Amino acid sequence: MARARALLIVLAAAVVLLAARPVAATGGVAGVAEVCKNTPFPDLCTRTAGKHAKKYKVVDAVTVLEMQVDAFKKRVKAARKLAKQEVKTAPTPLVRRALNLCKSYYLDAGDNLGACKRAIGFRDAVTIRATMSMAAQDMQNCDEEFRKAGSQNPMEDHNRSLIEMSEICRTLSNMVPYEHSH
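Residues numbered from 1 in each chain as written. Predicted model: local features only at pLDDT ≥ 70, side-chain atom pairs only at ≥ 80, totals over all residues. Heavy atoms only, no water.

(A) Region of the structure containing the overall build of the protein. Assigned secondary structure in the protein consists of seven helices and two strands. Beginning at the N terminus, the succession of helices and strands in the protein can be written as α-β-α-α-β-α-α-α-α. Counting all 182 residues of the protein, 41% fall into the buried class. Look at the contacts in the protein between residues 6 or more apart in sequence, and 71% of them connect residues 24 or more apart. (Helix = DSSP H or I, 4+ residues; strand = E, 2+ residues; numbered from the N terminus. Buried < 20%, exposed > 50% of the residue type's maximum accessible area, 1.4 Å probe, protein only. Contact = heavy atoms within 4.5 Å.)

(B) Region of the structure containing unusual backbone geometry. Backbone geometry places Arg123, a non-glycine residue, at a positive phi of 55°. Within the secondary structure, Arg123 sits in the loop between helix H5 (93-121) and helix H6 (125-149). Here Arg123 falls in the partly exposed class, since its relative accessible area comes to 22%.

(C) The arrangement of the packing of helix H4 (residues 61-88) against helix H7 (residues 156-173) in detail. Running from amino to carboxyl end, H4 crosses H7 at an angle of 160°, the nearest separation of the two axes being 10 Å. As far as their axial angle goes, H7 and H4 are roughly antiparallel. Crossing angle aside, the handedness with which H4 passes H7 is left-handed. Of H7, the residues touching H4 (which contributes Ala61, Val64, Leu65, Gln68, Val69, Ala71, Phe72, Arg75, Val76, Ala79 and Leu82) are His158, Ser161, Leu162, Met165, Ser166, Ile168, Cys169, Leu172 and Ser173. (Axes fitted to C-alpha atoms, helices over the stretch in contact; angles between N-to-C directions. Parallel < 35°, antiparallel > 145°, perpendicular 65-115°, else oblique. Left-handed = near helix turned anticlockwise from the far one by under 90°.)

(D) Layout of the state of the cysteines. Tallied over the entire structure, the rule returns two disulfides. Two residues, Cys36 and Cys45, share a disulfide whose sulfurs are 2.0 Å apart. Note on the Cys36 and Cys45 pair: the S-S dihedral is about -60°, so by sign convention the disulfide is left-handed. Residue class for Cys36 comes out buried when judged on its relative accessible area of 0%. Between the sulfur atoms of Cys102 and its disulfide partner Cys142 the distance amounts to 1.9 Å. Note on the Cys102 and Cys142 pair: the S-S dihedral is about 95°, so by sign convention the disulfide is right-handed. Placement of Cys102 in helix H5 and of Cys142 in helix H6 is noted, with a sequence separation of 40 residues between them. Among the residues examined, Cys102 registers a relative accessible area of 0% and is labelled buried. Each disulfide in the protein links cysteines that, numbered along the sequence, combine into the pattern 1-2, 3-4. (Disulfide = S-S within 2.5 Å.)

This is the structure:
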């Protein structure tokens, strides 16, 4: 029993070490694709980060994470703008209320993304994962408002894409090498 437990601990430590090692690749879109293939949505990751890849000679998980957060922030801003437009033509007061709440959730998500960006600079993977989880929760809260209103959610596709981007960022945070200071 003790031998099995020790083996399990060693195996778990090896998994943590492998997950924490940096993924380094070549530059450009090929480098982004190399890093993104280790995420749950590699095509989305490559499409969103690949747009900015030409600027970099070497691409690693941190670089792709920064590109993803920047793209995420732009998409949140676009979703908020769309929600603002949708409010004007909302068919019912409940839908209007849901859209207004979604606008607040998008604002909150933007704040979380700012905190995430700062955490990347400190290589603070725990804060990165927490802020991305909170951003994903904001999208889910928006979706829930429409379920409560019993209405189709015009933001559904945006929210699904944003939730997928948060999963990509959380996965990339596991590839960020930790900086230790003593």
